[in-house]
Structure formats: C-alpha cells, structure tokens
Amino acid sequence: MPLVLAATPIGDPRDASPRLREELAGADVVAAEDTRRLRALAAKLDVTLPERVVSYHEHNEAARTADLLESVTKGERVVLVTDAGMPSVSDPGYRFVRACIDVDEQVTCVPGPSAVLMALAVSGLPVDRFTFEGFLPRKGGERRRLLEEVAQERRTMVFFEAPHRIAASLEAMAEVLGADRPAAVCRELTKTWEEVRRGGLTELAGWAAEGVKGEITIVVGGAERTSISIEDAVAEVLSRQDRGARLKDVCAAVATSTGHSKKALYDAVVDHRRSLSD
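Here the residue numbering is sequential within each chain, running from 1 through the sequence in written order. pLDDT decides what is reported in this predicted model: residues at 70 or higher carry local features, side-chain atom pairs at 80 or more are listed and counted, and totals for whole chains, interfaces and linings draw on all residues regardless. To obtain the side-chain values, all non-hydrogen atoms of the structure were included, while hydrogens and water were left out.

Asker: Run through the sheet that holds strand 1 (residues 3-6), naming residues and quoting values.
Answerer: Two strands qualify as a pair provided DSSP detects at least 2 bridges between them. Segments assigned H or I by DSSP are reported as helices when at least four residues long, segments assigned E as strands when at least two residues long, and all are numbered from the N terminus. The five strands lie next to each other as 3-2-4-1-5, forming an open sheet whose pairing is parallel. Both edges of this open sheet fall to strand 3 (52-55) and strand 5 (107-110), since each of them pairs with a single strand only. On average, each strand axis in the sheet is inclined to that of its neighbour by 25 degrees, with strand direction left out of account. Here strand 2 (residues 29-32) runs beside strand 3; their pairing, made up of four bridges, is parallel. By the bridge assignment for strand 3, A32 is matched with S55. Here the axes come from fitting lines to C-alpha atoms, over the contacting stretch only for helices, and the angles between their N-to-C directions go from 0 to 180 degrees.

Asker: A description of the domain arrangement of the protein should follow, citing residues and the corresponding values.
Answerer: Once the domains are mapped, the protein shows domain 1 (3-110), domain 2 (115-220) and domain 3 (230-276). A domain assignment, automatic or from a database, supplies the domain bounds used here. Computed from C-alpha coordinates alone, the two centres of domain 1 and domain 2 are separated by 29 Å. Across the boundary between the two partners, domain 1 contributes six residues, which contact nine residues of domain 2. Using a 1.4 Å probe, buried area is obtained as the accessible area two parts lose upon being combined, added over both of them. For the pair domain 1 and domain 2, the two sides together bury roughly 510 Å², of which 64% comes from carbon and sulfur. The largest share of the area that domain 1 buries against domain 2 comes from I10, V89 and S90, three residues that together contribute 75% of it. Should a side-chain nitrogen of Lys or Arg be within 4 Å of a carboxyl oxygen of Asp or Glu, the pair is scored as a salt bridge. At the junction of domain 1 and domain 2, the tally comes to zero salt bridges. For the purposes of these results, a polar contact is taken to be a pair of N or O atoms within 3.5 Å, where, inside protein, one atom must be able to donate a hydrogen and its partner to accept one; residues adjacent in sequence count only when each atom of the pair is a side-chain atom. Our count for the domain 1 to domain 2 interface comes out at two residue pairs in polar contact (both at pLDDT 80 or more). Throughout this entry, Asp, Glu, Lys and Arg are counted as charged residues, while Ala, Val, Leu, Ile, Met, Phe, Trp, Tyr, Cys and Pro are counted as nonpolar. The remaining residues, Gly among them, count as polar. Class assignment for the residues of the side of domain 1 that touches domain 2 results in two nonpolar, two polar and two charged. Residues are treated as being in contact if the distance between any of their heavy atoms lies within 4.5 Å.

Here's what the structure looks like:
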C-alpha cells in the first residue's frame, strides 16, 4: 500500500475534496502535523478517523519516519496530512517521502488547496513562470543574502512569511529588490478576513509596519532589466549614497533594476571615487 500525501484546506473546510474524506476514513494510519487540528477538521467533515492517529511534525519526524515506513512496507495505507495545504511543501513530509522512495514503496497524493497557487492567481502579477522560495531566513543578514541571490530573478517569486516578521521582510525586499518592485501580500486566504494588498515593496512595507495578522503569502514580480549604461548606473549609486544610503545596499538595488552585475557596479563606483581623489 502507498504513502498518501493528502492536501488539507488552507482555511475554509468546505475546500476539502471528496478524496480527502475517503482517504482519511479508509486509512490504516493517519500521521498529522497537529492531531488536534486533524480531529477538529474530521469533525467538520463528518469523517471517522482510524484508530491509529499519530503526530508527525518537525520535532519528531526524524524519529517517527522509521515506524511509519515500517507500516507502509507491511502493506498498511498511511495518510500524511499537515495543518494546511500539501505535506512536504514548507511542512513536514519530505523525509518520509524520500524514505519510501529509497525502498521502492509507492508515494501518491490527494491534490487540493494551495496557498502558493491561490496567491499567484489573485496577485495580478505574471504567472506563466514563477519560483517558490518558501520562508525567508529569520536572521537579517541571512535574509539579505538570500534576497541578493534572487535579486535578478526574472520570474515571479512566491514567499511564505510569519506575521511578526512581515514588516522587516518587506523592508529588506524593498532595499534589495527595489522600492517600486510590484508585489502582493495575500493574507488569510480562503478565510473570513481574506485580504490582498498590492503595490510597490516600500508601500507594502509601510502598510505592514502597523501590524499584520494571519497566514501570509507574498508574491513579488520578477526583475526587469533596462538599457542604462554602467556610467549612469554609477551616477545613480552615488546619488543615493549621498542621500545617506549604504554603498553595498545601493549597489544591490541599482544592480537589480539595471541588470548590471552587483560586483561590477561596486567596483566601478570604487574606481570612480578613486579617480576623483587622484
């Protein structure tokens, strides 16, 4: 019997599919990120869960994977669910999937609601090509480094973020990706207080500074390159630096908006400063 990854509603329980109901009712074992949430969902869906319901979350997945894998190899039908959406997508599950594949056990899934796809659809940004970046690092330096890595990404980007970090993340995005880079903050998707805010990153950072609650998905437009010369790019960097911005931050932002290499731009600014002092 296979491991079944079952997508659960991201907010509204009415989004649960008939297959999710069938899999939960027909499983030999259900592994859940939070068993209390699972039981609450099952009650809303009028589903009777199997006798064996176990927890499977980031703190115990390493230890519990072996036991669940044994259940799969014995021919039991194991259904894995997380609190919302598809297991293994920024949630526990990947370790279990990899373990099943390594011993040639079948892995299948029950499709369902996705915060990533829903946010893309309502963002108003291009959706023909996109990347999913998951959660940004908690620490400011690591967050900035990751944003610098994707600064020249041409595809639309999707991020998850916690409400208490959303303002800092949007501020960092504005500094590295550009103040006017178009974006959308999608909050509480499918829930009663669903909200989508669209605008430039600096504008959105100002809105978030007042405090934001709920589950959040951020969609950011890809980089657009211009034909500005390296000399004009250097002039823009110098102008921003004269207004008090840090050279490293300005080089990253201008490089993103112009398509020039950040290193090449930084070196050109340093050479320009050196030539003025000679």
